[in-house]
Amino acid sequence: KVLKSDTPLPYVVFAPDAEVVLPQAHTASQLFGIEQIDGIELEAAAGIVPLSQLFLRWLALMPGGDHCNIIDPPGLTVMRIAGGRYRVTAAHRAVWTWNNYFLPEVLEDDANNNALRTSAAESISSTVSIVSSSAPSSSIDNKVEFGDLVTMTIVDVFETDCDGKLLSYCPTFDNRNVVKTMQAMERMKKESTKIKAKLNVARKSETGKKVEKTTTEAASMLWRYAGRAATSARQQIGQRINNTTTTNAEYATTISSSPTDKNHRNCGAQSIKDAAAYARALNAAQAATEPNDNNIASETSKKPSRYYISDDDER
C-alpha cells in the first residue's frame, strides 16, 4: 500500500491527463534576449512525465526563483465551468538572482533591430511613433547586471478538476519587463504577507469570530445612538427656528396695528415736511444776502481809481 506522503508531488498536483503550455527556451539568453525581438516560442506537453520535464526547464530559466509572491488583488479568481471543473486566474511575482551574460551577437542583433525600429518609426505617422516610443525597452542588459536581484510579474491561467488537480496551465508574462529589486524590500513584502495571513487565520478562528461579532454589535449600537442624537438635534433646531419665525411675525403684526406706531409715522411725515420748508427758507435767505454782480460793477465804476488825480487839487 502506497502512502499519500510517499506520492511524488507532480502526481498530487496534476491530473493524469494534464496539459501545460510553457516557453520552449532552453537558456535565459534565448528567452530574455533573442525572443524579445523574435517573440516567445511555446511548447506544449501532456502527461505527468513530459510536463514535469518541461516545468523543470521553465523553472531553470529563473534559477533559485521564488514564486511564492501572490499579488493580491486580484489574488485567486475562480470561475466554475461545465463538467464540475474550475478555471482559475491568478498573478504572482517571480524573484530570482540574475546569473546571465548576453552573447555579443545577441547584443549586436538587438542594437541593429533597435536602429531599424527607430528609423521605421520616424518614417511613419506621429501616432505610430508615439506608440513605438512608449513600448518597453528590449535591452535587459542595459537595466540589470550579473548578480542583481530581479523580479517579473507572471499571470497564471489554469483549470482544475473537481478534486483540485490541475488539468491545464499556461503562464502569461512580458519577457521585457524584468526589473531590479532590493532584498530589504522583498523581505518587507514577505513579512507583511505573513502578518496578513496570520490576521486572516485569527479572524476566521472562533475567538476572532466572537471578537468580530462583539465589535460589530458595538459599532452598530454606537451608530444607532449617533443617528438618534442627530435626529433629536435636528428636530430641536427646526422647532426653535419655527418658534423664532412665529415670534417675529407676531411682533411685526402687533407693531403695525398699534396706534402708537401710527402716531410715530405721522410725526415722521410732519418732520420731513418741516425739514423741507426749512431748507427752502434757508436757500432764499442765502440768495438774498449774496451781492449782485451788476450792482458791484456799477459801484466800482463810480469810485475813483487809486491813481486818479483830481482837477480841483491842481487849482
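Criteria and thresholds
Residues numbered from 1 in each chain as written. Predicted model: local features only at pLDDT ≥ 70, side-chain atom pairs only at ≥ 80, totals over all residues. Heavy atoms only, no water. Salt bridge = Lys/Arg side-chain N within 4 Å of Asp/Glu carboxyl O. Helix = DSSP H or I, 4+ residues; strand = E, 2+ residues; numbered from the N terminus. Core = buried A, V, L, I, M, F, W, Y, C linked by side-chain atoms within 4.5 Å. Buried < 20%, exposed > 50% of the residue type's maximum accessible area, 1.4 Å probe, protein only. Contact = heavy atoms within 4.5 Å.

## Examining the pattern of salt bridges
Taken as a whole and assessed by the stated rule, the structure comprises seven salt bridges. With its nearest N and O atoms 2.3 Å apart, the salt bridge here joins Glu43 to Arg57. One end of the pair, Glu43, is in strand β2 (residues 42–46); the other, Arg57, is in helix α3 (residues 48–60), with 14 residues separating them in the sequence. A salt bridge links Asp174 to Arg176; the nearest nitrogen and oxygen atoms lie 3.1 Å apart. Through salt bridges with shared partners, a single ionic network connects Arg85, Arg87 and Glu159.

## Quick word on the nonpolar core
Core analysis: the largest hydrophobic core is formed by 30 residues, its most contacted members being Val20, Phe32, Trp58 and Trp96. Within the residue set of this core, elements represented by two or more residues are β1 (14–23), α2 (28–38), α3, β4 (85–97), β5 (149–160) and β6 (166–173). The dominant element in this core, judged by the number of residues it contributes, is α3, at five residues. For Val20, the contacting residues outside a window of four places in its chain are Phe14, Glu43, Ala44, Ala45, Leu51, Leu54, Phe55 and Tyr169.

## Let's talk about the environment of Val88
Positionally, Val88 belongs in strand β4. On the basis of relative accessible area, Val88 is assigned to the buried category, the value being 7%. Residues Val88 and Glu159, 71 residues apart in the sequence, show an inter-C-alpha distance of 6.0 Å. Not counting residues up to four positions away in its chain, the partners in contact with Val88 are Leu76, Thr77, Val78, Asp156, Val157 and Phe158.

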